[in-house]
Amino acid sequence: MMAENYMAVNYRAELVGVLGDPVAENPTGVMQEAAFRAAGLNWRYLTIQVKPDDLADAIRGVRAFGMRGINLTIPHKVEVMQYLDEIAPDAQKIGAVNTVRRVGDQLVGENTDGKGFLRGLQVDAKFNPAGKRVVILGAGGAARAVSTELVLAGATELIIVNRTHSRGEQMVNDVRQRTGAAISLVPWNETFVVPPEADLLVNATSIGLYPHGDDMPDISLERARPDLLVSDVVFNPPETPLLRAARERGHPTLDGLSMLVYQGVIGFELWTGRDAPEAVMKEALKQALGLA
Ligand code: NDP
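The structure presented is a predicted model; accordingly, all values stated were derived computationally and were not measured. (Residues numbered from 1 in each chain as written. Predicted model: local features only at pLDDT ≥ 70, side-chain atom pairs only at ≥ 80, totals over all residues. Heavy atoms only, no water.)

The geometry of helix α8 (residues 256–272) relative to helix α9 (residues 278–288) is characterised by a closest axis approach of 10 Å and an angle of 130° between their N-to-C directions. Comparing their axes, α9 and α8 come out oblique. The interaxial crossing formed by α8 with α9 has right-handed handedness. On the side of α8, the interface is formed by Leu 257, Leu 260, Val 261, Tyr 262, Gly 264, Val 265 and Phe 268, while α9 contributes Glu 278, Met 281, Lys 282, Leu 285 and Lys 286. By residue class, the composition of the contact of α8 with α9 is 8 nonpolar, 1 polar and 3 charged. (Axes fitted to C-alpha atoms, helices over the stretch in contact; angles between N-to-C directions. Helix = DSSP H or I, 4+ residues; strand = E, 2+ residues; numbered from the N terminus. Parallel < 35°, antiparallel > 145°, perpendicular 65-115°, else oblique. Left-handed = near helix turned anticlockwise from the far one by under 90°. Contact = heavy atoms within 4.5 Å. Nonpolar A, V, L, I, M, F, W, Y, C, P; charged D, E, K, R; others polar.)

Strand order in the open sheet formed by 6 strands is β9-β8-β7-β11-β13-β14, and the pairing between neighbours is parallel. Looking at the sheet topology across the chains shown, the edges are occupied by β9 (183–187) and β14 (253–254). Where strand β11 (residues 200–203) lies against strand β13 (residues 229–232), 4 bridges are found, and the strand directions are parallel. Opposite Leu 200, over in β13, you have Leu 229 as the bridge partner. Packed on one face of the sheet, helix α6 (residues 165–179) meets β8 (157–162) and β9 and runs near 175° to β9. (Pairing = 2+ DSSP bridges.)

Following this line, the structure appears as structure tokens:
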């Protein structure tokens with residue numbers, strides 16, 4: 001007979017993590033592990049370097065280990081799609097997956113980058129994109145995710161400003177075709193003057209990213225409306241020269257930490273089915289980046 005004070009033990013942790021190359025400086029693990037501790041969950045987040053040629057084997061490993069999910073970062077966000085069982089509609093429209101969740105024995109691809117940006121817009125900046133006009137700098141992965149989610153959330157007009165014309169054209173065509181968006185491309189070969197019609201400006205380039213933290217996109221805010229919301233996806237450092245200049249002119253701003261925290265919050269919710277301890281996650285991230 002079992003003793004009354006017998007306690008069932010379970011040393012097996014649930015596993016999630018991130019695959020990337022390079023990946024060592026990715027701070028998401030710190031944020032997720034803090035959240036698991038706060039929620040009393042015996043889960044681990046592993047930061048794993050995977051070379052491009054090893055991605056297929058790595059996804060087999062995710063299945064073999066029964067991992068609950070995985071994040072993907074550079075250079076795996078597009079390549080991973082061929083190894084998954086299902087791709088969520090938003091991720092299909094974006095054309096990339098940054099989060100995989102396991103449903104039974106199926107691996108389902110999601111994209112939380114743009115959703116994280118949207119949640120930050122709504123929660124931190126109190127900005128509703130429905131009916132709004134948006135200027136996005138950049139045409140890479142972040143720009144695709146952010147612009148697609150903004151269209152799905154009801155933004156009425158998007159202007160994409162990109163240095164390399166062919167890349168900008170490809171992105172604009174893809175987003176228009178997949179979402180029906182009113183989206184146009186402006187070449188970026190001289191200072192871009194943000195028009196007074198714009199409600200939201202998003203820097204979705206890597207300009208201002210460490211170790212080039214003094215760099216500023218070549219734009220002018222001279223004609224912008226005072227209530228233009230100026231946002232940046234760059235989170236290291238979170239106060240970019242663009243955001244500083246915007247704040248000095250009196251514009252409301254939103255930094256890239258917000259997007260990073262909320263994409264992690266959404267990942268936690270997808271994986272665990274629980275509400276995420278948002279404040280704990282934000283604090284852990286700030287500490288990891290030396291900001292707390
Ligand atoms: P990509 O390499 O896919 O795209 C980079 C974009 O930046 C391209 O449009 C590129 O233009 C443009 N760019 C880079 N340097 C310059 C420059 N000197 N002048 C003009 N344009 C430039 O990168 P991602 O989209 O994946 O990432 C972009 C940024 O977003 C990174 O800083 C990344 O850290 C950040 N990010 C933040 C997240 C968050 O949660 N806060 C999540 C995901 C990304 P061109 O086409 O001409 O090369």
